[in-house]
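Chain residues, written in single-letter form:
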Amino acid sequence: MHIGMLFFGILCQLVGFAAGGRMDYALSLWFGIAFAVAGSIHMCRTLDRALLCGENASGIVTRGYLFRYALTAAVLIVISVTGAMNPLIFFLGYMSLKVTAYLQPITHKLCNRLFHETDPVPEEESPAQEGEAPAGQ
């Protein structure tokens, strides 16, 4: 996903240059993309923690989501009040997280072709006969 965010940022930056790119556009865009990368890392760590937890997994995922949502809202408010960056361009950069999530199957295939890799094929398990334990147990 991070590679997709980088490509999305480059594409948006090229569009910004074509539209008379200013430095605040680039700063806002790349800060938003950096924030999206940090959000994706936090999301991954939250999901890993939730999978290990078992019973309280939904609570952990919900708290992680609310934390990221509140932090994004706080950053947008600070950016808007101070005028240090363009909040809409920051939000565009942050939305690279969503765009790359939707495009992830395509970028995965592209990276497999680019790096000459293949996905592992899971072994088929033979169905257990009556009275037998399933294979692999």
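Residues numbered from 1 in each chain as written. Predicted model: local features only at pLDDT ≥ 70, side-chain atom pairs only at ≥ 80, totals over all residues. Heavy atoms only, no water.

(A) Layout of the pattern of salt bridges. Tallied over the full model, the rule gives one salt bridge. Here R22 and D24 are joined by a salt bridge, their closest N and O atoms 2.9 Å apart. Exposure remark for R22: the relative accessible area of 55% places this residue in the exposed category. (Salt bridge = Lys/Arg side-chain N within 4 Å of Asp/Glu carboxyl O. Buried < 20%, exposed > 50% of the residue type's maximum accessible area, 1.4 Å probe, protein only.)

(B) Here's a closer look at the layout of surface pockets. Computed from the structure, the largest pocket encloses a volume of approximately 240 Å³. Around the largest pocket, the lining residues are M43, Y65, R68, Y69, T72, A73, L76, F91, Y94, M95, L97 and K98. A total of six residues in the lining of the largest pocket trace back to one element, the largest contributor, which is helix α3 (residues 57-82). Residues of the lining of the largest pocket, tallied by class, amount to nine nonpolar, one polar and two charged. (1 Å grid on protein atoms, 1.4 Å probe; cavity = no way out; pocket = protein on both sides within 12 Å on 5 of 7 lines; lining within 4 Å. Points joined across faces, edges and corners; volume = space filled by probe spheres on them. Helix = DSSP H or I, 4+ residues; strand = E, 2+ residues; numbered from the N terminus. Nonpolar A, V, L, I, M, F, W, Y, C, P; charged D, E, K, R; others polar.)

(C) Helix α5 (residues 96-114), seen in detail. Under the 1.5 Å per step criterion, the end-to-end length of α5 is only 22 Å for 19 residues, more than 12% shorter than the ideal 27 Å. At L103, α5 shows its maximal kink, close to 60 degrees; a proline, P105, follows between one and four residues later. When α5 is considered as a whole, its buried residues turn out to be S96, L97, T100, C111 and N112. On the buried face of α5, the contacting elements are α1 (2-18), α2 (23-53) and α4 (87-94). Directly after α5, the chain includes H116, whose backbone phi takes a positive value near 55 degrees. (Expected span 1.5 Å × (residues − 1). Bend = angle between axes of the 7 residues up to and from the residue. Contact = heavy atoms within 4.5 Å.)

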